Every structure is written in structure tokens, then in C-alpha cells.
Amino acid sequence: MTGEAPVLCCPDKFRGSLTAQEAAAALALGVERAGRTAVGLPLADGGEGTLDVLCPAASERHSARVTGPLGARTDAEWGVRGETAVVEMARASGLALVEGANDPLRATTVGTGELIRAALDSGVRRVIVAVGGSATVDGGLGALEALEFDLGGVEVVVACDVSTTFVDAARVFGPQKGADDDGVAELERRLEQLAERYRAARGIDVSTLPGSGAAGGLAGGLAAIGAKLVPGAALVADAVGLGRAVASASLVMTGEGRLDATSLAGKVVGHVLHEAREVGTPAALVVGDAEPSAVPDGVRCLTLVALAGSAEAAQREARRFAAEAAETLARR
């Protein structure tokens with residue numbers, strides 16, 4: 001190893017292939033093969049994987065029996081980081097829980113509300129709610145009913161990875177959750193009525209609030225009872241000390257499963273590249289695949305698909321090819 005500053009390996013998850021922790025470890029392995037020191041710092045943008053990044057130790061985890069998205073009871077983990085609880089709504093109300101058999105007109109966030117209630121009852125002073133990967137478009141009504149429309153005076157911060165507004169959640173996210181055209185129209189009507197209900201009851205117009213459509217409107221529902229919506233990538237980065245780590249690195253290496261235009265707008269990759277530019281630290285990307293037009297000028301980028309020869313091979317041996325890419329990028 002050389003005496004130079006380390007290479008910071010700070011990726012998001014590669015969906016379907018590697019968790020953020022696995023990706024960071026693979027990148028670090030490649031960097032070390034190149035004869036350089038590596039530091040791993042897994043990241044998340046407020047969606048799935050946020051709990052694992054912010055509360056990685058088993059001692060930080062708790063479990064609660066809650067209502068799943070379609071009503072079946074399920075065990076869901078949440079975490080505590082200092083005086084802050086971390087609730088990942090996908091654990092209670094996620095699309096992965098319904099195994100391709102979702103009913104978006106019926107799916108509910110009740111279980112997420114029950115997880116938040118468990119966190120509030122534990123005596124924490126702050127709750128982070130990560131809202132990606134939901135099965136729901138219920139405007140957060142289920143969660144609010146489980147909470148009895150009360151956050152108990154605790155600061156609740158919603159980590160969002162989109163800027164979609166409340167009613168638009170039906171059109172933007174409904175099809176992803178299984179809604180056909182008629183279903184989208186019905187969900188839109190429900191969200192319009194909910195937005196008016198929240199405005200009348202709380203004086204907050206969620207229909208124009210950026211990010212309020214995240215998780216099918218859960219973000220907006222929580223905002224209506226006093227939660228604050230914040231960009232998820234920045235929140236997680238601040239919590240794990242990304243800024244300091246970037247400033248003390250000789251190279252920053254980040255990545256995700258697929259790089260596209262959205263990667264640079266509120267996602268991990270865009271946030272890391274911004275932090276690196278701010279302090280003049282060189283940056284490079286290792287991604288599963290990429291739209292060529294999305295790769296920023298002056299940033300080196302290697303894709304696992306190019307190295308593996310096919311998407312299937314890249315996904316099957318993602319760890320191997322991520323390490324190979326990192327080794328190549330880390331060599332002078």
C-alpha cells in the first residue's frame with residue numbers, strides 16, 4: 001500500500017445484485033488489488049437499503065409485528081442510531097412483500113404507521129422514515145390512521161429520493177405498483193380528495209409540496225401532520241460523514257445498478273459527484289449499466305455489462321466484475 005490518501009468506495013446498492021455494503025466491499029477489494037488503500041462507506045438515498053446503511057449492527061435493530069401492504073401480518077425491522085430511530089417503509093409496506101401479486105387500490109401503509117408508532121414509543125427524539133420501494137398509493141392514510149394523526153411531538157424526517165408531488169404519484173408510480181389506466185384514474189381521484197382533506201384539517205397543501213408523492217403519497221401524508229421532507233441521499237450522506245471522507249480521499253468511487261438521467265437528480269451518485277466537485281477530489285463510477293449520455297464529462301465510468309459481456313453475466317457475477325472495474329480505475 002502507498003502512503004497517499006485512501007480511495008473512498010461509497011456506492012449505493014446495485015439493485016438485484018449487490019447491497020450497498022457488498023458493492024463497497026467489492027470496490028475496496030479491487031482498489032487494494034491495485035496497491036492502494038481503500039475505505040468503504042456504503043450509501044443509500046432514502047429508499048430500500050437505508051436501514052442497513054444507517055443501522056448496520058444487529059444491536060441497533062428491533063423488530064415489530066405489523067400489518068403488511070395487503071393486510072397479512074409480517075415481522076418488520078427498524079433501527080436506532082443514537083437518539084434517532086430509522087424506519088424503512090419497504091420493510092412494512094414494500095412491493096417486495098407482495099411477490100408480484102399487488103393490489104394497488106387496496107395496498108395500505110398501516111404497517112409503516114405501526115413501525116413509526118413503535119419507534120415513537122421507544123422514547124427516541126427523532127425518527128427518519130425512508131420511503132422507497134412501496135407497494136402503496138394510499139396517500140399515507142393508513143399510516144396516519146395507525147398513528148392517530150399524531151407524531152407525539154417527536155421530530156419526524158422523511159427521506160425522499162423523488163420530487164414528485166402528491167396527486168402525480170398516481171400517474172408516476174401507480175403503473176409500477178400494478179395499476180392499469182382505470183386504476184390510475186381511481187388512485188388520482190382518491191389522492192385529490194385526500195389532499196383536500198389534509199388541507200382542510202391541517203392547513204397544509206400537500207398537492208404542491210415537492211416530494212409529497214414519494215411512496216405513493218406517504219411522504220405527503222406525514223408532512224400533513226408535521227413531518228419534514230428532505231432529500232434522502234443528502235440526509236444519509238450527512239449521517240455517515242460523507243463530506244469529511246470525500247475531502248480526505250485521493251479518489252472517490254461511487255456507483256449503482258443503472259446510471260441514467262435520474263442518477264444525477266437526488267440520487268446517491270449525483271450527490272457524491274457534487275461533494276467531490278466541491279472539494280476538488282477526483283471521482284470515478286462503477287455501475288451495472290449506463291446510458292452514455294448520463295455519464296458526466298470528465299468522470300471515468302466502467303460498467304459491469306461491458307466487462308462481463310452481457311447483463312446476465314454481469315448480474316450473476318456482479319461482485320467479481322465490480323472489483324475488476326475498481327482495480328482498473330484505481331490504477332494510475
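Residues numbered from 1 in each chain as written. Predicted model: local features only at pLDDT ≥ 70, side-chain atom pairs only at ≥ 80, totals over all residues. Heavy atoms only, no water.

### Description of the state of the cysteines
- According to the stated counting rule, one finds zero disulfides in the structure shown.
- The structure places no disulfide on cysteine 9, whose sulfur is separated from the nearest cysteine sulfur, that of cysteine 10, by 7.6 Å.
- Note on cysteine 9: relative accessible area 0%, which makes it buried. (Disulfide = S-S within 2.5 Å. Buried < 20%, exposed > 50% of the residue type's maximum accessible area, 1.4 Å probe, protein only.)

### Describing the pairing of strand S9 (residues 251–254)
- Taking every second residue as pointing to the same face, both faces of S9 are buried, with Leu251 and Met253 on one and Val252 and Thr254 on the other.
- Alignment of strand S1 (residues 7–9) against S9, held across three bridges, turns out to be parallel. From the neighbouring strand, cysteine 9 faces S9, where its bridge partner is methionine 253.
- When S9 meets strand S11 (residues 283–287), the two strands line up parallel, connected through three bridges. (Helix = DSSP H or I, 4+ residues; strand = E, 2+ residues; numbered from the N terminus. Pairing = 2+ DSSP bridges.)

### Considerations on the layout of surface pockets
- Each pocket or cavity is described by its volume, and for the largest pocket that value is around 950 Å³.
- Lining of the largest pocket is provided by 38 residues; of these, Arg15, Asp45, Asp161, Val162 and Lys267 occupy positions nearest its centre.
- Looking at the lining of the largest pocket, the elements that each hand over two or more residues are helix H6 (168–173), helix H8 (214–224) and strand S8 (228–231).
- Looking at the lining of the largest pocket residue by residue, the class counts come to 14 nonpolar, 13 polar and eleven charged. (1 Å grid on protein atoms, 1.4 Å probe; cavity = no way out; pocket = protein on both sides within 12 Å on 5 of 7 lines; lining within 4 Å. Points joined across faces, edges and corners; volume = space filled by probe spheres on them. Nonpolar A, V, L, I, M, F, W, Y, C, P; charged D, E, K, R; others polar.)

### Structural notes on the pattern of salt bridges
- Under the criterion given, the structure shown has 25 salt bridges.
- Aspartate 161 is paired through a salt bridge with lysine 267; the nearest N and O atoms lie 3.3 Å apart. Of the two residues, aspartate 161 sits in the loop between strand S7 (155–160) and H6 while lysine 267 sits in the loop between strand S10 (258–259) and helix H11 (268–279), which places them 106 residues apart along the sequence. As far as burial versus exposure is concerned, aspartate 161 and lysine 267 are alike and both buried.
- When salt bridges that share partners are traced, they join Asp52, Arg61, Glu77, Glu88 and Arg91 into one network. (Salt bridge = Lys/Arg side-chain N within 4 Å of Asp/Glu carboxyl O.)

### Looking at unusual backbone geometry
- Unlike most non-glycine residues, phenylalanine 149 shows phi in positive territory, near 55 degrees.
- With respect to the secondary-structure elements, phenylalanine 149 resides in the loop between helix H5 (141–146) and S7.
- On the accessibility criterion, phenylalanine 149 (23% relative accessible area) is partly exposed.
- Positive phi values are uncommon outside glycine, yet alanine 215 reaches one of about 55 degrees.
- Relative to the helices and strands, alanine 215 is located in helix H8.
- A relative accessible area of 8% means that alanine 215 is categorised as buried.

### What about the sheet that holds strand S2 (residues 38–40)?
- The sheet built from five strands is open, its strands ordered S2-S1-S9-S11-S13 with parallel pairing. Where the open sheet ends on each side, the last strands, each with one partner, are S2 and strand S13 (300–303). Neighbouring strand axes in the sheet, compared pairwise and without regard to direction, differ in orientation by 20 degrees on average.
- Contacting S1, S2, S9 and S11, helix H1 (residues 20–33) runs over the sheet at an angle of about 155 degrees to S1. (Axes fitted to C-alpha atoms, helices over the stretch in contact; angles between N-to-C directions. Contact = heavy atoms within 4.5 Å.)

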